[in-house]
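Descriptive analysis of the structure
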Protein chains: 2
Amino acid sequence: MTERTGDTRERIKEVALELFSEQGYEQTSLREIAERLGVTKAALYYHFKSKEEIVRAFVEDRVGQLAELIEWVKSQPPGPQTRTAFLQRYAASIDIGKQHSIMRFFQENQPALKSMEIGERMRERMLDLVEVLAGPDADPVSKLRTAFSVFVLHGGPFLLRDSGITDEQRRSAAMQLALELAGHPTPAEQRAEGATR
Amino acid sequence: MTERTGDTRERIKEVALELFSEQGYEQTSLREIAERLGVTKAALYYHFKSKEEIVRAFVEDRVGQLAELIEWVKSQPPGPQTRTAFLQRYAASIDIGKQHSIMRFFQENQPALKSMEIGERMRERMLDLVEVLAGPDADPVSKLRTAFSVFVLHGGPFLLRDSGITDEQRRSAAMQLALELAGHPTPAEQRAEGATR
DNA sequence: GTCTATATTAAGATAGAC
DNA sequence: GTCTATCTTAATATAGAC
C-alpha cells in the first residue's frame, strides 16, 4: 500500500486544527494547509468535502468526550465535591492530544462556528455540562461560578502567557482558581446540607 | 449643507460595530454595511480608507476610556477596596453607548484582530489594567482572579442569556461574582494588612 | 489517492462622473 | 459626498487525467 491506512485524513485534521487554533478559521486557507502537508488543495477535497467538514471532524471528537464527561457527572451525587473532582478529570481531558487546541479554537472562533451545526452542538454540550454541574435549580450566580470554573481551565493559562512562569505553573494557578470557584456551594446545596446535619 | 456634520462617519461606525459584534468581522461585508445604511460601498470608502480603519475608529474610543480607567486605578491605594470600587466604574463604562458591543467584538474576534495594530493596543491595555488592579507583585492566581473579575462583567451576562431572567438580573449576577473575585486579597496584600495591625 | 487546470464567486478596493 | 462601473485578488470548490 502507498500509505498507512487513514493516516492522511488524520494528518489533515491535525494540521488544520493547529492552524485554525493559532491563526483562526477565516485566516487559514486550504492552500496553506495543503502546503504544510506537502500536497495540493485537491487532495484535501478527496478526504473532506469542504473546509467546514474538517472542522466537524475534530470538533466531533471533543463533543464525544464531553458527552462522556457529562454522563460521569450525572452518575455522581450533585455538589461541590463532585464539581471539584470533575475539574481534575476535565483538566486531564484537555491536556491530552489536541483537545486543548480544540477548546481554544472553539472559544476564539465563535463567529465562524455560528453558521455551522457542529458549533451549535458544541455550544449546547457546554451549556448542558454547566447545567448538570451546578444543578438545575442553581441560582444565576452559582451557574456563572460553575461556568467560569471550567472556563478558567481553558482561558487561564493562555491569559498568563506573558508572565515569566512555566506552563506547569500556569496550569496549576488556573486549577487553583477553578477549584476555588467550583468548591463554593450553591444556596440550594447549603440548605440541603443544613437539613441533613 | 447636505447633511449634519460628521454624522455619516458616525453612522458607519455604529452600523459596522453592530454587525461586526453580532456576526463577526470576517462574516460581515462592506456591501452589507452599505446596504444597511442605504448607500453604496464606494461611499464607505470616502469616509474610511479600509475595512480595518472602521474597526480602528471604534476600538480607539474604547482604548481611550480604558486609559482613563487605568489612570484612576493608579490614583487610588492598591487593594481589594479599590478593585471593587473599580468594577462599579467599569460596569458603568460598558453599559453606556456601544462600549459593551466593542468588548464583545474584541473577545470574539481575536483572530481577526491579531493582524491589526489596534488589536495589539487593546490587548496591551487590558493586560495593563489587570496589572495595576492586582498589583505588580501579585501571584499568578491573584492575577487570574483579577482578570476574570473584569471578564465576568463582559462574558457573564452573555453566558446567562438562555436563562429565563431579565437583563438586569444577568448584570446583577455578573457583578456579584465579579465583586467576589475582586474582593479576595492577594497574599502580598494580606501580609501588608497583618503588618499594619 | 493525488495531480493539473480551471470554474465560480465574492470580497476589498479604486477611478472618475455627477 | 455619493454614485456607477470596474479592477484585482484570492478563496472555495470541481473535472478529469494519471
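The rules we used
Residues numbered from 1 in each chain as written. Chains lettered and ligands numbered in written order. Predicted model: local features only at pLDDT ≥ 70, side-chain atom pairs only at ≥ 80, totals over all residues. Heavy atoms only, no water. Near = heavy atom within 4 Å. Polar contact = N/O pair within 3.5 Å; in protein donor to acceptor, adjacent residues only side chain to side chain. Helix = DSSP H or I, 4+ residues; strand = E, 2+ residues; numbered from the N terminus. Nonpolar A, V, L, I, M, F, W, Y, C, P; charged D, E, K, R; others polar. Buried < 20%, exposed > 50% of the residue type's maximum accessible area, 1.4 Å probe, protein only. Contact = heavy atoms within 4.5 Å. Least-squares fit on C-alpha atoms with pLDDT ≥ 70 in both. Domains from an automatic or database assignment. Buried area = accessible area lost by both parts, 1.4 Å probe. Salt bridge = Lys/Arg side-chain N within 4 Å of Asp/Glu carboxyl O.

A word on the protein's contact with DNA strand C
Around DNA strand C, 18 residues are found, and the nearest of them are T40 and H47 of chain A together with L30, Y45 and K51 of chain B. For DNA strand C, the backbone makes up 57% of the atoms found within 4 Å of the protein, where backbone means sugar plus phosphate. Within the backbone of T40 of chain A, one N or O atom sits 2.7 Å away from a phosphate oxygen of DNA strand C. One of the side-chain N or O atoms of Y45 of chain B is found 2.7 Å from a phosphate oxygen in DNA strand C. Listing elements by their share of the surface near DNA strand C, those giving two or more residues are α3 (41-47) of chain A together with α2 (30-37) and α3 (41-47) of chain B. The leading source of residues in the surface near DNA strand C is α3 of chain A, at 4 residues. Here the surface near DNA strand C is built from residues that sort into 7 nonpolar, 7 polar and 4 charged.

A short note on the side chain of R145 of chain B
Within the secondary structure, R145 of chain B sits in helix α9 (residues 140-159). Classification of R145 of chain B as buried rests on a relative accessible area of 5%. R145 of chain B has contacts with L177 and E180 of chain A together with L181 and H184 of chain B, leaving out every residue within four places of it along the chain.

Details of the relation of the copies chain A and chain B
For these two chains of identical sequence, chain A goes onto chain B by a turn of 180° and a shift of 0.0 Å along the axis, with RMSD 0.0 Å. Such a combination of turn and shift is consistent with a two-fold rotation axis. Rotation axis and chain A: the residue whose C-alpha lies nearest the axis is E108 of chain A, separated from it by 2.9 Å. A symmetric contact is evident, with 100% of the interface residues of chain A recurring at the interface of chain B.

Examining the domain arrangement of chain A
Residue and element names in this part refer to chain A. When cut into domains, chain A gives domain 1 (1-49) and domain 2 (52-195). Centre-to-centre, using C-alpha coordinates, domain 1 lies 28 Å away from domain 2. Taken together, the 14 residues of domain 1 in the interface contact 16 residues of domain 2. Across the interface of domain 1 and domain 2, roughly 1,300 Å² is buried in total on both sides, 74% from carbon and sulfur atoms. Where domain 1 meets domain 2, there are 2 salt bridges. Counting every contact that joins domain 1 to domain 2 gives 3 residue pairs in polar contact (both at pLDDT 80 or more). Among the elements that make up the side of domain 1 that touches domain 2, the one with the highest residue count is helix α1 (residues 7-23) (8 residues). Class assignment for the residues of the side of domain 1 that touches domain 2 results in 7 nonpolar, 2 polar and 5 charged.

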